[in-house]
Amino acid sequence: MTQEASAFSADDFLRSIGVRIDGFMYRGYNSNDYAMIWLSEGFARLTGHDANAFIRNRTGFATLIVKEDLHKVDAAVADALARGGNWQVSYRIRHSDGRILYVHETGGASAALNPETGEPAFLDGIILEAGALSRLAQRLTQGSAALDKVDIAAADIRTTLKTLRLLALNARIEAARAMEHGAGFGVVAQEMTSLADQGETVTNRMSTELAQLRTTIVI
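Residues numbered from 1 in each chain as written. Predicted model: local features only at pLDDT ≥ 70, side-chain atom pairs only at ≥ 80, totals over all residues. Heavy atoms only, no water.

Peer 1: Before we go on, may I ask you to explain the overall build of the chain in this structure?
Peer 2: Of regular secondary structure, the chain possesses 7 helices and 5 strands. Along its sequence from the N terminus, the chain presents helices and strands in the succession α-α-β-β-α-α-α-β-β-β-α-α. Within the chain, contacts between residues at least 6 apart in sequence are counted, and of these 53% link residues at least 24 apart. Entry remark: accessible area of the chain is about 13700 Å², with carbon and sulfur atoms responsible for 57%. (Helix = DSSP H or I, 4+ residues; strand = E, 2+ residues; numbered from the N terminus. Contact = heavy atoms within 4.5 Å. Areas by Shrake-Rupley, 256 points an atom, 1.4 Å probe, with all protein chains shown as cover.)

Structural data, given as structure tokens:
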């Protein structure tokens with residue numbers, strides 16, 4: 001054995017790679033929940049979960065995948081297994097603190113077979129954070145929160161406009177009762193109604209613009 005070969009340790013190499021990538025390597029069961037049997041050190045940094053506890057409790061990695069993206073992951077894995085190749089798929093996971101992170105996964109089936117099914121026993125791969133997409137998603141989430149505040153403000157304005165219309169109605173009633181002495185009430189009622197109409201036009205336009213903005217920042 002050469003000095004170079006004796007100095008090389010696969011375990012040391014995996015640990016070294018594991019602390020240098022923005023993600024983690026894994027070996028998991030070929031199961032619907034993607035339960036893991038080995039995770040590199042980057043798992044906790046990316047997901048916020050303790051790797052040993054995750055494996056010990058046989059927690060499925062599928063529980064971290066955003067529900068709307070799970071079907072995409074399942075389809076990519078199933079297609080790769082069917083053709084005997086690898087899969088590459090981008091999707092979102094939920095960090096333990098609630099943040100949504102974009103990741104990109106490359107994986108494939110192990111050579112070991114399940115003696116009962118004849119199918120690959122394990123799935124091996126690497127999952128890396130797509131940092132730019134995660135930061136974009138965070139900014140879009142903040143933008144969505146700002147739109148929610150505007151929406152609430154618009155609802156408050158609509159409530160105020162309803163009150164204004166009621167006051168205008170009361171003013172018209174008082175103007176009718178006072179006859180020629182209520183001319184001032186009539187003018188006030190007309191102006192209040194006009195103001196309410198203009199306000200309603202503006203808030204309706206705001207609602208339309210908000211709806212269009214929301215369609216552009218869906219994460």
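Peer 1: In this structure, what is going on with the packing of aromatic side chains? I would like to understand it.
Peer 2: Both the distance between ring centres and the angle between the ring planes are used here to describe each pair of aromatic rings. Applying the stated rule across the entire model yields 5 aromatic pairs. Ring geometry for Phe 24 against Phe 43: centres 5.0 Å apart, planes inclined by 85°, an arrangement best described as edge-to-face. Taken together, the positions of Phe 24 in strand S1 (residues 23-29) and Phe 43 in helix H3 (residues 42-47) put the pair 19 residues apart, joining distant regions of the chain. Here the two residues Phe 24 and Phe 43 agree in accessibility, since each one is buried. For the pair Tyr 29 and Phe 122, a centre-to-centre distance of 6.3 Å together with 45° between the ring planes defines the contact as tilted. Note that Tyr 29 is positioned in strand S1 and Phe 122 in strand S5 (residues 122-129), a separation of 93 residues in sequence. (Phe/Tyr/Trp six-rings, centres within 6.5 Å; stacked < 30°, edge-to-face > 60°. Buried < 20%, exposed > 50% of the residue type's maximum accessible area, 1.4 Å probe, protein only.)

Peer 1: Could you clarify how one ought to interpret the nonpolar core in this entry?
Peer 2: In a soluble, globular protein the nonpolar side chains are often hidden away together inside. Formed by 25 residues in total, the largest nonpolar core has its most connected members in Phe 61 and Tyr 91. Elements represented by at least two residues in this core include exactly S1, strand S2 (36-39), H3, helix H4 (51-56), helix H5 (67-83), strand S3 (86-94), strand S4 (100-109) and S5. Beyond its immediate sequence surroundings of up to four residues, Tyr 91 is in contact with Phe 61, Ile 65, Asp 69, Lys 72, Val 73, Leu 101, Tyr 102, Val 103, Glu 105 and Ile 127. Core analysis: the next-biggest nonpolar cluster, separate from the first, contains 5 residues, Leu 164, Ala 168, Met 192 and Ala 196 among them. (Core = buried A, V, L, I, M, F, W, Y, C linked by side-chain atoms within 4.5 Å.)

Peer 1: When you look at the sheet that holds S3 in this model, what are you seeing that I'm missing?
Peer 2: Backbone hydrogen bonds are what pair the strands of a sheet, in a parallel or an antiparallel way. Here we have 5 strands laid out as an open sheet, ordered S2-S1-S5-S4-S3, and antiparallel in their pairing. Among the strands making up the open sheet, the edge pair consists of S2 and S3. The average undirected angle you get between the axes of adjacent strands in this sheet is 25°. Strand direction decides the pairing type here: S3 and S4, joined by 9 bridges, are antiparallel. Within the sheet, the bridge partner assigned to Ser 90 lies in S4 and is His 104. Its contacts with the sheet place H5 against S3, S4 and S5, and it is angled at close to 165° to S3. (Pairing = 2+ DSSP bridges. Axes fitted to C-alpha atoms, helices over the stretch in contact; angles between N-to-C directions.)

Peer 1: What exactly am I supposed to notice about the side chain of Arg 92 here?
Peer 2: Topologically, Arg 92 is positioned in strand S3. By relative accessible area, Arg 92 is classed as buried at 12%. A polar contact of 2.8 Å, which involves the side chain of Arg 92, links it to the side chain of Asp 69. (Polar contact = N/O pair within 3.5 Å; in protein donor to acceptor, adjacent residues only side chain to side chain.)

Peer 1: Can you help me understand the environment of Thr 63 in this one?
Peer 2: As for its position among the elements, Thr 63 is in the loop between H4 and H5. A relative accessible area of 55% means that Thr 63 is categorised as exposed. Sequence separation between Thr 63 and Arg 94 is 31 residues; the distance between their C-alpha atoms is 8.7 Å. There is a polar contact of 2.6 Å between the side chain of Thr 63 and the backbone oxygen of Gly 60.

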